[in-house]
Structures are given as C-alpha cells and as structure tokens.
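Summary of the model geometry
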Amino acid sequence: STLVPSGVSQRALEDFAAGLAAEESWRWEGARVAYQAAASSGGFFEASTALARTARLRLGGTLGES
C-alpha cells in the first residue's frame, strides 16, 4: 500500500485541533470559529462534521442526537 496525501493543509489540522481543545473546554464559539476555519480548506469532512456537532451542542443538544 502507498501513502496518498489527503490534501488537508497543516494549518487546517491546527485549526481542527484548536476546535477540539475549545470543545473540550465547552467554549462553543471558539470551537465553531476553529472548525469553520479548518473546513474552509476544502476536502476536510471531519471538520464539517465537528462544526455541525458543535452547533448542536451550543444550542443545548446532546452528543446522542442525530
């Protein structure tokens, strides 16, 4: 098997990590901003998913909701 680059930039990965850290501290606005920045790089599906999850949690939802 060979390594295939994802095309996700280092900056997007750093933004995503910042979003995770903010989410762990329940700082929803910080998480939203970081995930939005990560998702804007294009092709970063996980960042878009995390952004939706953060929006749901910010509005009082739970992780178990679909």
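The preceding data block contains the structure.
Below you will find a few notes about this structure.

In this section: the pattern of salt bridges. Going through the model one piece at a time under the given rule, you end up with three salt bridges. Between Arg-11 and Asp-15 there is a salt bridge, and its shortest N-O distance comes to 3.4 Å. Here Arg-11 and its partner Asp-15 are both found in helix α1 (residues 10–24), four residues apart, which amounts to about one turn of the helix. By relative accessible area, Arg-11 is classed as exposed at 53%. With relative accessibility at 11%, the residue Asp-15 sits in the buried group.

Considering the arrangement of structural elements, one finds Val-4 in the segment before α1. We classify Val-4 as exposed; its relative accessible area is 63%. Note: C-alpha distance between Val-4 and Ala-55 (51 residues apart in sequence) is 31 Å.

Counting 10 residues, the largest nonpolar core consists of Val-8, Ala-12, Phe-16, Ala-22, Ala-31, Tyr-35, Ala-38, Phe-44, Ala-47 and Ala-50. Put simply, the parts of the chain that give this core at least two residues each are α1, α2 (28–39) and α3 (45–58).

Okay, the packing of α2 against α3 next. α3 packs onto α2 with a crossing angle of 160° between their chain directions and a minimal axis gap of 8 Å. With respect to α3, the element α2 is oriented roughly antiparallel. The element α2 and its partner α3 pack so that their crossing is left-handed. Residue-level contacts link Trp-28, Glu-29, Ala-31, Arg-32, Tyr-35, Gln-36, Ala-38 and Ala-39 of α2 to Ala-47, Ser-48, Ala-50, Leu-51, Arg-53, Thr-54, Leu-57 and Arg-58 of α3. When grouped by side-chain class, the residues that make up the contact of α2 with α3 number nine nonpolar, three polar and four charged.

What follows deals with the packing of α1 against α3. Running from N to C, α1 and α3 point in directions that differ by 25°, and their axes come no closer than 11 Å. Overall, the two elements α1 and α3 adopt an arrangement that is roughly parallel. In this structure, α1 crosses over α3, and the sense of that crossing is left-handed. Contacts between α1 and α3 involve Phe-16, Leu-20 and Glu-23 on the former and, on the latter, Glu-46, Ala-47, Ala-50, Arg-53, Thr-54 and Leu-57.

What counts as what
Residues numbered from 1 in each chain as written. Predicted model: local features only at pLDDT ≥ 70, side-chain atom pairs only at ≥ 80, totals over all residues. Heavy atoms only, no water. Salt bridge = Lys/Arg side-chain N within 4 Å of Asp/Glu carboxyl O. Helix = DSSP H or I, 4+ residues; strand = E, 2+ residues; numbered from the N terminus. Buried < 20%, exposed > 50% of the residue type's maximum accessible area, 1.4 Å probe, protein only. Core = buried A, V, L, I, M, F, W, Y, C linked by side-chain atoms within 4.5 Å. Axes fitted to C-alpha atoms, helices over the stretch in contact; angles between N-to-C directions. Parallel < 35°, antiparallel > 145°, perpendicular 65-115°, else oblique. Left-handed = near helix turned anticlockwise from the far one by under 90°. Contact = heavy atoms within 4.5 Å. Nonpolar A, V, L, I, M, F, W, Y, C, P; charged D, E, K, R; others polar.

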